[in-house]
Amino acid sequence: MPERTPYIAANWKMHKTVAEAGEFVDALLPRIAATQHDVVICPPFTALSAVVERRYGTAVKVAAQNMHEEESGAFTGEVSARMLVELDVEAVVLGHSERRQHFNETDEALARKVPTALAAGLEPILCVGESEDAREAEQTDAVLQRQLQADLAEVEPGRIAEVVIAYEPIWAIGTGRTATPEQAQEAIAFIRDVLRERGAEADRVRILYGGSVKPGNAAELLAQPDIDGALVGGASLDPDDFAAIVEAA
Ligand code: PGA
């Protein structure tokens, strides 16, 4: 089975000014200097350049938290893949549940965003995950399958391994209620099966868990055979906590 390099991403959401982002990176870099993992920071658009400039010559990659599927046009408030690439951004979070819920990001838009990101040379970090109601109704697998099929519909099977998938159960995001390692492993193994059926080289795809990952629970989650990394929200705002999660992987 191919080695999958662990992938630990800090999703800052709407946190940190340029000055705060700079302080964070300066504090983080010495703490993770020896890591062999992929360490990814996802700042708000305004702080992308500040993080990009500080991480040159390090292992840290930078991801945006969203992008529009069109190349340009009358889309007030949006940014395109090409605008991100120009800043030396390497990746982009797509389909985060907060964007699906509050900003009406649809599977139809995602079906265009994922191939657009790939074509531009950005690594998509595609988020999928079920609501609490769906889990209680035992619809978790159905939701994951539907999202993956829709959002990856326009991606050739041979390129699916270039997409990073983040399994983020909505009930675990920002709630302090982490999925158990068994629940996360089960869902992520299912995602891998769906990708395999879609014709992907599924053993190469990095699949992350996200939802209340903290220094105290990261090691047992990341020890699961199919969990290749973490998408960290709240605990990624503190360089000590985030470095501890990188170390746990
Ligand atoms: P959380 O957020 O770690 O604060 O639960 C995770 C995410 O939304 O990516």
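Here the structure is a predicted model, which means the values were calculated and not measured.

Participant: Describe the packing of helix H1 (residues 18–31) against helix H2 (residues 48–55), with residues and values.
Facilitator: Interhelical geometry of H1 versus H2 gives an angle of 25° and a closest axis separation of 9 Å. Viewed along their axes, H1 and H2 adopt a mutual orientation that is roughly parallel. Note that H1 runs across H2; the crossing there is right-handed. Seen from H1, the contacting residues are Val18, Ala21, Gly22, Val25, Asp26 and Leu29; seen from H2, they are Ala50, Val51 and Arg54.

Participant: Give a detailed account of the pairing of strand E2 (residues 38–42), specifying residues and quantitative values.
Facilitator: Most of E2 is tucked away: five of the five residues are buried. Of the two faces of E2, both are covered, the one formed by Asp38, Val40 and Cys42 as well as the one formed by Val39 and Ile41. Taking the sense of rotation as the criterion, the β-α-β connection linking strand E1 (residues 7–11), H1 and E2 turns out right-handed.

Participant: Lay out the sheet that holds strand E7 (residues 207–210) in plain terms, naming residues and giving numbers.
Facilitator: In spatial order, the strands read E1-E2-E3-E4-E5-E6-E7-E8; together these eight strands close into a barrel with parallel pairing. Going from strand to strand, the sheet's axes swing by 25° on average, the running direction of each strand aside. Pairing analysis gives three bridges linking E7 to strand E8 (residues 229–232), with the strands arranged parallel. Of the residues in E8, the one forming a bridge with tyrosine 209 is alanine 230. Sheet strands in contact with H2 are E2 and strand E3 (60–64), and its direction is about 165° off that of E3.

Criteria and thresholds
Residues numbered from 1 in each chain as written. Predicted model: local features only at pLDDT ≥ 70, side-chain atom pairs only at ≥ 80, totals over all residues. Heavy atoms only, no water. Axes fitted to C-alpha atoms, helices over the stretch in contact; angles between N-to-C directions. Helix = DSSP H or I, 4+ residues; strand = E, 2+ residues; numbered from the N terminus. Parallel < 35°, antiparallel > 145°, perpendicular 65-115°, else oblique. Left-handed = near helix turned anticlockwise from the far one by under 90°. Contact = heavy atoms within 4.5 Å. Buried < 20%, exposed > 50% of the residue type's maximum accessible area, 1.4 Å probe, protein only. Right-handed = clockwise from strand over helix to strand, strands pointing away. Pairing = 2+ DSSP bridges.

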